[in-house]
Amino acid sequence: MATRTIYLVRHGQYYNQALASAMPDGSLSKLGQQQAQALATRLAALPIEHILHSPSIRARETAAWIQQQHPRLQLQPEPLLLELIPSIPSEPALSESTQAFFAQIEPPLIDASAAQFAQLWQRYFGPAQTDDHMLLVSHGNLISAVVAAIFGAASTHWINADIQHCGLTELTITAQGWRRLIRHGDVGHLPLAQQTFV
């Protein structure tokens, strides 16, 4: 019976506005590089056959660290792995700052994100055709949306599945399309001092 194993990885910490930089998509910070190196070491023994990554700088650099442990594999940019806003969360307990952020989001961005996610789901999360081990380096919102979809939750529930930098999410998909979440946001490879969300 064919089974696809997907390892979803969030990129490492990077230089962005929250880290006093004007770049919305900067390179990995020094800590982000340490996070990516630790993750790469953890993934070294896995039978990964494909490494796909978001075209963002931070995702590409994270993927490059992982590739060092799998030098026979080529990095494959995948635009469908870019960050997205799956929907406007309906959770009434969101902080004022979070509510203010979502109030700025224009409907076309939500529509584009929904279309992107639908294509991603169809391409990578349908029934397995062969045994395969695939690594996808992406972003927090997208990974959270995948986890929500696996459980059949409403699209607005992605906000309830946060993930830290270089967190590891693993799932399997059978030939019949049965999806099973093995782990989500696992950062056991990182010391407590290196575990970050922003």
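Each remark here, short or long, concerns the structure printed above.
What counts as what
Residues numbered from 1 in each chain as written. Predicted model: local features only at pLDDT ≥ 70, side-chain atom pairs only at ≥ 80, totals over all residues. Heavy atoms only, no water. Helix = DSSP H or I, 4+ residues; strand = E, 2+ residues; numbered from the N terminus. Buried < 20%, exposed > 50% of the residue type's maximum accessible area, 1.4 Å probe, protein only. Contact = heavy atoms within 4.5 Å. Pairing = 2+ DSSP bridges. Axes fitted to C-alpha atoms, helices over the stretch in contact; angles between N-to-C directions. Parallel < 35°, antiparallel > 145°, perpendicular 65-115°, else oblique. Left-handed = near helix turned anticlockwise from the far one by under 90°. Nonpolar A, V, L, I, M, F, W, Y, C, P; charged D, E, K, R; others polar. Expected span 1.5 Å × (residues − 1). Arc of directions from axis to C-beta.

Caption draft 1: Region of interest: the environment of Ala149. Tracing the sequence through the fold places Ala149 in helix α5 (residues 140-150). Taking relative accessible area as the criterion, Ala149 reaches 27% and is therefore assigned partly exposed. Along the sequence, Ala149 and Gly32 sit 117 residues apart, while their C-alpha atoms lie 28 Å from each other. Other than its neighbours up to four places away in sequence, Ala149 contacts Phe117 and Trp121.

Caption draft 2: Structural detail: the sheet that holds strand β2 (residues 50-53). Reading across from one edge, β3-β2-β4-β1-β5-β6 is the order of the 6 strands in this open sheet, with mixed pairing throughout. The two strands at the open ends of the sheet, each matched to only one other strand, are β3 (75-77) and β6 (179-186). Pairs of neighbouring strands in the sheet enclose a mean axial angle of 20 degrees, with direction left out of account. Across the face of the sheet, helix α4 (residues 107-124) comes into contact with β1 (3-10), β2, β4 (132-138), β5 (168-174) and β6 while running at roughly 140 degrees to β1.

Caption draft 3: Representation of the packing of helix α1 (residues 30-43) against helix α2 (residues 57-67) in the model. Interaxial distance between α1 and α2 falls to 8 Å at its minimum, and their mutual angle equals 40 degrees. Of the possible angle classes, the one that applies to α1 and α2 is oblique. When the axes of α1 and α2 are compared, the crossing they make is right-handed. Residues Gln33, Ala36, Gln37, Leu39, Ala40 and Leu43 of α1 touch α2, and the partners they reach there are Thr62, Trp65 and Ile66. Of the residues that constitute the contact of α1 with α2, the class distribution is 6 nonpolar, 3 polar and no charged.

Caption draft 4: Layout of α4. End to end, α4 covers 26 Å across 18 residues, agreeing with the expected 26 Å (1.5 Å per residue, within 8%). Buried within α4 we find Ile110, Ser113, Gln116, Phe117, Leu120, Trp121 and Tyr124. Here the buried residues of α4 occupy an arc of 135 degrees about the axis, which is enough to place them on one side. Residues of α4 that are exposed and point over 90 degrees away from its buried face: Pro107, Pro108, Asp111 and Gln122. The elements touched by buried residues of α4 are β1, β2, β4, α5, β5 and β6.

Take it as geometry only, folks, not as evidence of what the structure does.
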